[in-house]
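Descriptive structure summary
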Protein chains: 2
Amino acid sequence: MTDRKPRAGQSRVTLNDVAAHVGVSAITISRALNKPALVTDSLRQRIDDAVRQLGYVPNRAARSLASARSHSVVVLVPSLSNAVFVDTLAAIHDTLYPRGYQTLIGDTRYAPQDEETLLRTYLEYNPDGILLTGFDQNDAASTLLRSADIPTVHMMELDDSGRYCVGFSQFDSGYALTRQLLDKGYRRIGFLAAQLDPRTIKRGEGYRAALREAGLYQPHREIAEAQPSSVGQGARLLDELLRQAPDCDAIFCNNDDLALGVMFECQRRHIAVPQQLAIAGFNNLEMSAWTNPALTTVATPRYAIGQVAANMLLELMAGRQPDSTTVDLGYKLLVRDST
Amino acid sequence: MTDRKPRAGQSRVTLNDVAAHVGVSAITISRALNKPALVTDSLRQRIDDAVRQLGYVPNRAARSLASARSHSVVVLVPSLSNAVFVDTLAAIHDTLYPRGYQTLIGDTRYAPQDEETLLRTYLEYNPDGILLTGFDQNDAASTLLRSADIPTVHMMELDDSGRYCVGFSQFDSGYALTRQLLDKGYRRIGFLAAQLDPRTIKRGEGYRAALREAGLYQPHREIAEAQPSSVGQGARLLDELLRQAPDCDAIFCNNDDLALGVMFECQRRHIAVPQQLAIAGFNNLEMSAWTNPALTTVATPRYAIGQVAANMLLELMAGRQPDSTTVDLGYKLLVRDST
DNA sequence: CTGTTAGCGCGTTCAC
DNA sequence: GTGAACGCGCTAACAG
């Protein structure tokens, strides 16, 4: 029956409508909803009823404007096609949502330029916190971040620059997996990488360091492909590698997708795994436990990374200092039948 | 130098700051940014410079409040671990971002209750449009949608209730794949499903219809598991199926994950594929072309669905009527060596 | 425990 | 082509 027609607006139910309905002031409704403890039980009951009855949905824009807090957290990951990041996102949501934060997901497609664009756009939402993957933001993005001055935690990698981060050492994990292959007696170990992001590159450095230490590093056993990683890519890269280094006795694939592609291609070529060629992957996809043979790989704590990073961010957003600026969650070698 | 300290606020650069810097009024800055044509070239140049120099980032909350348009679109998908939805999301972003819309992604985890919760939360952002997966919203969610009165397009499935939707017939695709197996001469065709979402169920109905038509339907060849689908689940379900129907000559797996698990398990059991047992999947994961044998499956137009749905939403948000309320994008049988 | 006042940053509306 | 006033819906700050 209200006649007021403010603008063309779709006249959503507002706090004032609820207030009028209940017969109290708007601020009381606001409090009942946000800090229920500050309101009488009976009043709160009536308010809750009215909210339900009227179908009131708070307006986040208004809340954000008035309170200078958006209750939103931006998370930028390089890919959604990679189970690693999907699991991390799930952990983040599981951690932040119960605390009243909405997660805004951005997929940078491994492109610093896209990351910058997304960041610029998402900053318009006034996020209370930001979760980033790695440290490879471009200059513009770094400037944006600095001047936005919003609590930020970096995931997946570690460094000692004082930035908050939760992850594990990519270098060490690459080194350890290579070391494991050496310990098993493999001497001509190849390395296959695609999608040359910073973490891939660091794992490659770990591989190189281990082989150099053993006096066994040979550049022609290494192939790095800038194209995205995929099973098909793994098959192609095996072909390429065997052309230039036919005598490899093991291959460290920078992730499980590639490793699976290599394994399937070996089946086609009747190369016995691991007898003629051992295969190791990275990241431990669910599937990797089920192939024949099961794939040796590195389990990375992606869910834990999301949890811990989100909790660290929660601390920062609350204005507290986390116990430590860097959290190393480690990794685990899963030695299975493919090596 | 400004002394005004309005509240505790972090004093971000605002339109007014830019205006002061350039020496014009705030509204002019606003126009220069949103409708550049309405402002002199030289002025616009100066404004752009100032914006860059000051690092001005628009405040979406304020814009949204003042204009009653949020330039945000909410997209709800049941899973991010499924390449299908990830590809659809990519298409949506590719379509909407250039048109000035930010995509807000929600993962419902195949749970209508979670979908309702997410919807409720995301409605607070005042989205200009909504993209949903399927039609299985629960009552509360449907009520929310109705009273929000926001343009909405449903993806993946088709119906004729008048709701806007873009997808393909799940029933038909399940029917067609089964029909194809029948045509190849298979007579004792099993069906494996996990994660019993509505689309899975409809494909199962297609399977049943085709077999009934041929007089070959036998309930004991069908296993439906409510747990999420995975490669490991495929291996387990094969075991279960072979117990109750050891003489199956083909299996229709409701998605490629399951099919891969079945294939790997067959390798372990030395069951020759397709000679002893044919395997078909659904959705065409990248990997499915590379296994041994390559997997017969159904290619679904997931990227196109995202594109077309986003474009339809764009029409609706612009206040126009799309040409048609329903768009059927079809599917394609990919018959490969596993059948 | 509840109400009053004021203002967050921007765009709409109507002037000029 | 540019500007002034006003208000979007909500909450901080202070009263009472």
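Rules behind the numbers
- Residues numbered from 1 in each chain as written.
- Chains lettered and ligands numbered in written order.
- Predicted model: local features only at pLDDT ≥ 70, side-chain atom pairs only at ≥ 80, totals over all residues.
- Heavy atoms only, no water.
- Buried < 20%, exposed > 50% of the residue type's maximum accessible area, 1.4 Å probe, protein only.
- Helix = DSSP H or I, 4+ residues; strand = E, 2+ residues; numbered from the N terminus.
- Arc of directions from axis to C-beta.
- Near = heavy atom within 4 Å.
- Polar contact = N/O pair within 3.5 Å; in protein donor to acceptor, adjacent residues only side chain to side chain.
- Nonpolar A, V, L, I, M, F, W, Y, C, P; charged D, E, K, R; others polar.
- Core = buried A, V, L, I, M, F, W, Y, C linked by side-chain atoms within 4.5 Å.
- Contact = heavy atoms within 4.5 Å.
- Pairing = 2+ DSSP bridges.
- Axes fitted to C-alpha atoms, helices over the stretch in contact; angles between N-to-C directions.
- Least-squares fit on C-alpha atoms with pLDDT ≥ 70 in both.
- Phe/Tyr/Trp six-rings, centres within 6.5 Å; stacked < 30°, edge-to-face > 60°.
- Domains from an automatic or database assignment.
- Buried area = accessible area lost by both parts, 1.4 Å probe.
- Salt bridge = Lys/Arg side-chain N within 4 Å of Asp/Glu carboxyl O.
- UniProt positions renumbered as here; feature names shortened; annotations may be inferred.

1. Regarding helix 2 (residues 26-34) of chain B
Note: α-helices contain 3.6 residues per turn, so residues at a spacing of three or four share the same orientation. Of all the residues in helix 2 of chain B, the buried ones are Thr28, Ile29 and Ala32 of chain B. Buried residues of helix 2 of chain B fall within an arc of 100° about the axis and therefore sit on the same side.

2. Observations concerning the protein's contact with DNA strand C
Of all residues adjacent to DNA strand C, which total 25 residues, the nearest are Thr28 and Arg31 of chain A together with Leu15, Ser30 and Tyr56 of chain B. Counted by atom, the contact set of DNA strand C within 4 Å of the protein is 67% sugar and phosphate. Here a base oxygen of DNA strand C sits 3.3 Å away from a polar atom, N or O, in the main chain of leucine 65 of chain A. In this structure, alanine 66 of chain A approaches DNA strand C through a main-chain N or O atom, which is 3.2 Å from a base oxygen. Split by residue class, the surface near DNA strand C holds 14 nonpolar, eight polar and three charged.

3. Brief notes about the nonpolar core
Generally speaking, nonpolar side chains in soluble globular proteins are found buried as a group. Grouped together as the largest cluster of nonpolar side chains are 87 residues, with contacts concentrated most on Leu131 and Val153 of chain A together with Leu131 of chain B. Excluding residues within four positions of it along the chain, leucine 131 of chain A makes contact with Val73, Val74, Val75, Leu76, Ile92, Val153, Met155, Ala309 and Leu313 of chain A. Grouped together as the second largest cluster of nonpolar side chains are 52 residues, Ala245, Cys253, Leu260 and Val273 of chain A included.

4. Concerning the sheet that holds strand 2 (residues 102-107) of chain A
To summarise the sheet geometry, strands pair through backbone hydrogen bonds and adopt either a parallel or an antiparallel arrangement. Residues and elements named next belong to chain A. Read from one edge of the open sheet, six strands run 2-1-3-4-5-11, paired in parallel fashion. Lying at the two open borders of the sheet, with one neighbouring strand each, are strand 2 and strand 11 (326-328). For this sheet, the mean angle separating the axes of adjacent strands, direction not counted, is 15°. Note: strand 1 (residues 72-77) against strand 3 (residues 129-133), three bridges, orientation parallel. Note on strand 3: the bridge partner recorded for valine 73 is glycine 129.

5. Description of the side chain of threonine 152 of chain B
Residues and elements named next belong to chain B. In this fold, threonine 152 is placed in strand 4 (residues 152-156). A relative accessible area of 15% places threonine 152 in the buried class. A distance of 2.8 Å separates the side chain of threonine 152 from the backbone oxygen of isoleucine 150, its partner in a polar contact. Threonine 152 has contacts with Ile130, Leu132, Leu145, Tyr164, Leu313 and Leu316, leaving out every residue within four places of it along the chain.

6. Description of the relation of the copies chain A and chain B
For the pair of chain copies, the relating operation is a rotation around an axis with a shift along it. With an axial shift of 0.0 Å and an RMSD of 0.1 Å, the rotation relating chain A to chain B amounts to 180°. Such values leave the two copies arranged in the relation of a two-fold axis. Taking the C-alpha atom as reference, chain A places alanine 61 of chain A closest to the rotation axis, 2.0 Å from it. A share of 100% of interface residues in chain A that are also interface residues in chain B marks the association as one of identical surfaces.

7. Description of the packing of aromatic side chains
Tallied over the full model, the rule gives 16 aromatic pairs over all chains. A centroid spacing of 6.3 Å and a plane angle of 75° characterise the contact between tyrosine 207 of chain A and phenylalanine 252 of chain A, whose relative ring orientation is edge-to-face. Of the two residues, tyrosine 207 of chain A is situated in helix 9 (residues 198-213) and phenylalanine 252 of chain A in strand 8 (residues 250-253); the sequence distance between them amounts to 45 residues. Phenylalanine 252 of chain A shares its class with tyrosine 207 of chain A; the two are buried. Taken together, a centroid distance of 4.8 Å and an interplanar angle of 25° make the contact between phenylalanine 191 of chain B and tyrosine 207 of chain B stacked. With phenylalanine 191 of chain B in strand 6 (residues 189-194) and tyrosine 207 of chain B in helix 9 (residues 198-213), this residue pair connects regions lying 16 residues apart in the sequence. Using a relative accessible area of 3% as the deciding quantity, one classes phenylalanine 191 of chain B as buried. Through a chain of ring-to-ring contacts, the aromatic side chains of Tyr122 and Tyr125 of chain A together with Tyr122 and Tyr125 of chain B assemble into a single cluster.

8. Section: the domain arrangement of chain A
Residues and elements named next belong to chain A. Per the domain assignment, the segments making up chain A are domain 1 (1-56), domain 2 (70-168 + 303-330) and domain 3 (170-299). Computed from C-alpha coordinates alone, the two centres of domain 2 and domain 3 are separated by 29 Å. Of the roughly 860 Å² buried where domain 2 meets domain 3, counting both sides, 55% is carbon and sulfur surface. A per-residue breakdown of the area domain 2 buries against domain 3 is headed by Tyr110, Glu157 and Phe168, which together make up 60% of the total. Counting across the interface, domain 2 meets domain 3 through two salt bridges. With a closest N to O distance of 2.2 Å, lysine 202 and glutamate 157 form a salt bridge. Summed over the shared surface of domain 2 and domain 3, the number is four residue pairs in polar contact (both at pLDDT 80 or more). For the side of domain 2 that touches domain 3, the element with the highest residue contribution is helix 5 (residues 83-96), accounting for three residues. Of the residues belonging to the side of domain 2 that touches domain 3, the class tally is seven nonpolar, two polar and two charged.

9. Regarding the interface of chain A and chain B
Listed as interface residues are 51 residues of chain A and, on the opposing side, 51 residues of chain B. For the pair chain A and chain B, the summed buried area comes to about 4,600 Å², and 54% of that belongs to carbon and sulfur atoms. Here chain A and chain B share four salt bridges between them. Among the salt bridges present, the one from arginine 60 of chain A reaches glutamate 124 of chain B, with a minimum N-O distance of 2.8 Å. Counting across the chain A and chain B interface gives 32 residue pairs in polar contact (both at pLDDT 80 or more). Secondary structure elements with two or more residues in the side of chain A that touches chain B: helix 4 (60-67), helix 5, strand 2, helix 6 (112-123), helix 10 (231-244) and helix 11 (256-269) of chain A. In terms of residue class, the side of chain A that touches chain B is built from 25 nonpolar, 16 polar and 10 charged.

10. Structural notes on the UniProt feature "domain: HTH lacI-type" (unreviewed entry) in chain A
UniProt marks residues 13-67 of chain A with the feature "domain: HTH lacI-type" (unreviewed entry), using the numbering shown here. The annotated region residues 13-67 of chain A carries 71% helix and 0% strand content, and the separation between its end C-alpha atoms amounts to 20 Å.

11. Observations regarding the protein's contact with DNA strand D
Surveying the vicinity of DNA strand D reveals 25 residues, the closest of which are Leu15, Ser30 and Tyr56 of chain A together with Thr28 and Arg31 of chain B. Here alanine 62 of chain A contributes a backbone N or O atom positioned 3.3 Å from a base nitrogen of DNA strand D. Contacts to DNA strand D include arginine 31 of chain B, whose side-chain N or O atom sits 2.6 Å from a base nitrogen. Among the elements of the structure, helix 2 (26-34) and helix 4 of chain A together with helix 2 and helix 4 (60-67) of chain B are those that each provide at least two residues to the surface near DNA strand D. Residue composition of the surface near DNA strand D, grouped by class: 14 nonpolar, eight polar and three charged.

12. Remarks on the environment of alanine 193 of chain B
All names here are of chain B. Tracing the sequence through the fold places alanine 193 in strand 6. For alanine 193 and glutamate 213, which are 20 residues apart along the polypeptide, the C-alpha to C-alpha distance reads 21 Å. Beyond its immediate chain neighbours, meaning those up to four positions away, alanine 193 contacts Thr200, Ile223, Ala224, Glu225, Leu237, Asn254 and Leu258.

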